[in-house]
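Here are the chains, one letter per residue:
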Number of protein chains: 2
Amino acid sequence: MSLNEALSEQKSVLVDALERDDQGSLEELLPELRAADIAEILEDILEEDDATTVFSLLNLLSIERRANVYGYLPAELQEELAEAMSDETLLALFEEMSSDERADLFNLLDEDRREGLLRRMARQEREDLKRLASYEEGTAGAVMTSDYVAIPSGMTVSQALMRVRQTAPDAETVYQIYVLDEEGRLAGTMSLRQLMVARPGARVDDLMIKDVISVRVDDPQEETARLVARYDLLAIPVIDAEDRLVGIVTYDDAMDVAESEATEDIHKGMSIGQLEDGVRRVPLWSLYRKRVMWLVLLVFANLFSGAGIAYFEDIITAQVALVFFLPLLIGSGGNAGAQAATLMVRGMATGEVGLKDWGKLLGRELLVAGSLGVTMAVAVAPIGVLRGGEAVAMVVATSMVTIVLFGSLLGMCLPFLLNRLGWDPATASAPLVTTLIDASGVLIYFSIATAVLSGL
Amino acid sequence: MSLNEALSEQKSVLVDALERDDQGSLEELLPELRAADIAEILEDILEEDDATTVFSLLNLLSIERRANVYGYLPAELQEELAEAMSDETLLALFEEMSSDERADLFNLLDEDRREGLLRRMARQEREDLKRLASYEEGTAGAVMTSDYVAIPSGMTVSQALMRVRQTAPDAETVYQIYVLDEEGRLAGTMSLRQLMVARPGARVDDLMIKDVISVRVDDPQEETARLVARYDLLAIPVIDAEDRLVGIVTYDDAMDVAESEATEDIHKGMSIGQLEDGVRRVPLWSLYRKRVMWLVLLVFANLFSGAGIAYFEDIITAQVALVFFLPLLIGSGGNAGAQAATLMVRGMATGEVGLKDWGKLLGRELLVAGSLGVTMAVAVAPIGVLRGGEAVAMVVATSMVTIVLFGSLLGMCLPFLLNRLGWDPATASAPLVTTLIDASGVLIYFSIATAVLSGL
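Cut-off values and rules
- Counting from 1, residues in each chain are numbered in the order their sequence is written.
- Note on labels: chains are lettered from A, ligands numbered from 1, in written order.
- The predicted origin of the model limits local features to residues at a pLDDT of at least 70 and limits the giving and counting of side-chain atom pairs to 80 or more, whereas totals for whole chains, interfaces and linings rest on all residues.
- Hydrogens are left out, water is left out, and the side-chain values use all remaining heavy atoms of the structure.
- UniProt positions are given in the numbering used here, feature names are shortened, and annotations may be inferred rather than shown by experiment.
- Within 6.5 Å between ring centres, the rings of Phe, Tyr and Trp (the latter by its six-membered ring) count as paired, and their orientation is classed by plane angle as stacked under 30 degrees, edge-to-face over 60, tilted in between.
- Elements are defined by DSSP. Helices are runs of H or I of four residues or more, strands are runs of E of two residues or more, and each kind is numbered from the N terminus.
- The buried label applies to any residue whose accessible area, calculated with a 1.4 Å probe on protein chains only, is under 20% of its type's maximum; exposed applies above 50%, and partly exposed to all values in between.
- To sit over a ring, a charge needs its Lys NZ or Arg CZ within 6 Å of the ring centre and within 35 degrees of the ring normal.
- Residue contacts are defined here by distance: any two heavy atoms, one from each residue, within 4.5 Å place the two residues in contact.
- We define buried area as the total accessible area lost by two parts upon association, computed with a 1.4 Å probe and summed across both.
- Every case where a carboxyl oxygen of Asp or Glu lies within 4 Å of a side-chain nitrogen of Lys or Arg is listed as a salt bridge.
- Polar contacts, as used here, are pairs of N or O atoms within 3.5 Å; protein pairs need one atom able to donate a hydrogen and one able to accept it. Residues neighboring in sequence count only if both atoms are side-chain atoms.
- All residues other than Ala, Val, Leu, Ile, Met, Phe, Trp, Tyr, Cys, Pro, Asp, Glu, Lys and Arg, Gly among them, are scored as polar; the first ten of these are nonpolar and the last four charged.
- Here, a strand pair is defined by DSSP locating no fewer than two bridges between the strands.
- As a rule, the C-alpha atoms of each element are fitted with a line to give its axis, helices using only the stretch in contact, and angles between N-to-C directions run from 0 to 180 degrees.

- Identification of chain A as Magnesium transporter MgtE from Litchfieldella anticariensis is taken from an unreviewed UniProt entry.
- Under the heading Sequence similarities (unreviewed entry), UniProt records this for chain A: "Belongs to the SLC41A transporter family."
- Listed under Subunit (unreviewed entry) in UniProt, the entry text for chain A is "Homodimer."

Okay, structure coming up:
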């Protein structure tokens, strides 16, 4: 929280200085701020004020700093600002941006503008930009940068160090060096740390790691980020179909991917579609669409619960007290089932749980869910006695154990089933699981009630 | 999946070689495997076979490699293996481990063993270990390492580079250098990249960044990880109450923290307590305990729904068709409310949403939830006509809009309220929100039904 407080103070001082057009304070303030913070302040300003304040602020920054700030802005805002910029300014900005951020920004522009800009670029730059901008969203290619340090096979350590020094101002990271063979294929890698402690005359080829962990351009970015985290990499090389090195994904981009994937998973767990921006800024219409689809589908799924109730109308009319326990029973089953599903879905997302673990986990869930059911039955039984007598208490307790057990097993198995069918296991969201359990819970409860009470 | 397949193949070859005691294949296989993969294979073996296979495998590794593998093993397994080791082996292992992993392992041992080991260590090592092991779990101090490169103020660039070369074999990262004043306070920082391109005779003090982003030892590790991600840091320095540098948290540890915090948040969102290990391995008893608490609490909360139903017993008996729509209405409200709560809780966890955004977000939720309610009312109204006539359809449609709107607003506001009260907003889990909405939904539905239908 202290960070947020400091930021909002900096913001108000800044906005104040802008409004008073106090150049002196502005020149004093701006160099102290970090790019990520300026970006956040810009977003905040744009929510409250109009875009002109943002522009006058941006214009006070050098083009290098502006490029830095740009990398931290959400897509929508980048687009808005780029539309108001001249081609000259945009080209100057492009030059200072890292190659992956440049490609992202480029993809936000409309067709005509893109063509116009490409025509004004040098050939090599143009090819690089077109290539990076062409990878499908969500792949390693779309998050990689082409600003890496690569050396040809056959160099000595001191030659390699010289190359690192030359490339240092432009590369995204200079701490991992990639060695290429004559065809541009990735032959090995070496860290700057290893280079620095090695004998200057030694050959890099003798020292480098040859078994390099890499991904393909079309591998999912989620898996790319997972490999970076798993092997504690500074960057992971990205290769094309011919094993040629085409880019790297650095740890900081991998962290961003991991965070947005976690957010997506959390939202999916509640049947919310993928939002193109944070919840504070995503357009209302989009937020509505991403939430409504499953909600309406589940309304119809819920009709099965209703149909179940209609089928058992006689016993309900005879024993209205049974309705008293209905929300409690189906609610408890739904909660336990959603817990089981969530544990599986997250386990699969982090790679801890695989299809092969199904049998073992089923056994575990059987034991845990059985104990949960019994505990909850014991908790609810006395109330059953109070509200409807011993027979009702028995019905309620038996139903509780059965529904919690059934619900948990359903919640546990559903993600595996979906995965097996080639779907995203996260589709087994809490709302879906609870709705399914509601319907089955109604059937279980009233069937048990009919069996026990109709004999009385 | 290809990674998992490759791993399970490597594992079966390895286990096979171990069983046949085929030293030749083992010596060929082991150097090819990465520490993280060996750790995973060990875990798998331990699940199926007994610990002796694991031991014979570990004994084939050099002590450096064993130390590396150790860093990737879950706490429970580390503890089990350490208990079976002699003090000599453990001390040798300690020497090779990074300081943060050593402290974690040390904390797993029992009191007597710890005392015994400390007595056999050199003074400086002992102090370092005792200090690192003393920080409370969940703080920056508990995840930091003391293996960093620090130089005194006043050095030239070439002196600093020399120091980096000397420290390279031991430090966790050499890519960020920290400059300390005479009292050991953090005076500035400089990246190795900047050092390499700087003039060798220049003074580090003139080039370094003085406004360093840092955390305090007792700051939460979650916030520490967030700062690393926000400012794209390679490592964040950790300072004590006197501003002295006491450690650093590197990006790879920050990534691990971020992943486990995301898992914790996802579990919390379904009212599951913090698990000390992955779902596949956590003891059954612990899994039961972490799930049962809220489930039982919610059983009692659900009694309010029951009490509501009991209160409206008359109208239910008169119009049993109303019960048909009960699961559907309270289910829909619960789903919409859980969505709203999840959006807020995740927004707060990533730092996108703060308490100050409450008003704006309330307005947005009002619009979105209103539209959702109307859409779902339209979907359900025809069925209302079919099942109970126009009057029932009107009751159901009106209830749907009211319950979805009320549920969404409740779901949206609850995380803010909890946060305001100093609680974790994630306590506003889907089960809690749906249970609260179930109870209110019963009241809303039957109140509307009584008002409309009793007049007929």
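## Some words on the packing of aromatic side chains
Phase 1: Applying the stated rule across the entire model yields 16 aromatic pairs over all chains.
Phase 2: Ring geometry for Tyr 148 of chain B against Tyr 178 of chain B: centres 6.5 Å apart, planes inclined by 90°, an arrangement best described as edge-to-face. Note that Tyr 148 of chain B is positioned in the loop between helix 11 (140-143) and strand 1 (149-152) and Tyr 178 of chain B in strand 2 (residues 176-180), a separation of 30 residues in sequence. One exposure class covers both Tyr 148 of chain B and Tyr 178 of chain B, and it is buried.
Phase 3: Put simply, the rings of Tyr 311, Phe 312, Tyr 445 and Phe 446 of chain A pair up and form one aromatic cluster.
Phase 4: Directly above the ring of Tyr 231 of chain B sits Arg 34 of chain A, whose terminal nitrogen or CZ lies 5.6 Å from the centroid.
Phase 5: Of note, Arg 114 of chain A hangs over the ring of Phe 106 of chain A, and the distance from its end group to the ring centre comes to 5.8 Å.

## A few points about the interface of chain B and chain A
When the parts of a complex come together, some accessible area is lost, and that lost area is often used as the size of the interface.
Phase 1: At the interface, 119 residues of chain B touch 119 residues of chain A.
Phase 2: For the chain B and chain A pair, buried surface summed over both sides reaches about 10800 Å², with 63% attributable to carbon and sulfur atoms.
Phase 3: Taken as a group, Arg 193, Arg 280 and Arg 291 of chain B account for 8% of the area that chain B buries against chain A, more than any other trio of residues on that side.
Phase 4: The tally of links between chain B and chain A comes to 12 salt bridges.
Phase 5: Applying the counting rule to chain B against chain A returns 54 residue pairs in polar contact (both at pLDDT 80 or more).
Phase 6: Looking at which element gives the most residues to the side of chain B that touches chain A, the answer is helix 17 (residues 284-311) of chain B, with 17 residues.
Phase 7: Per-class residue counts for the side of chain B that touches chain A are 71 nonpolar, 21 polar and 27 charged.

## Structural notes on the sheet that holds strand 1 of chain B
Residues and elements named next belong to chain B.
Phase 1: The mixed open sheet is built from three strands, whose spatial order is 1-2-3. Where the open sheet ends on each side, the last strands, each with one partner, are strand 1 and strand 3 (186-191). If you compare each strand with its neighbour and ignore which way they point, the axes differ by 30° on average.
Phase 2: The pairing of strand 1 with strand 2 spans four bridges and is parallel.

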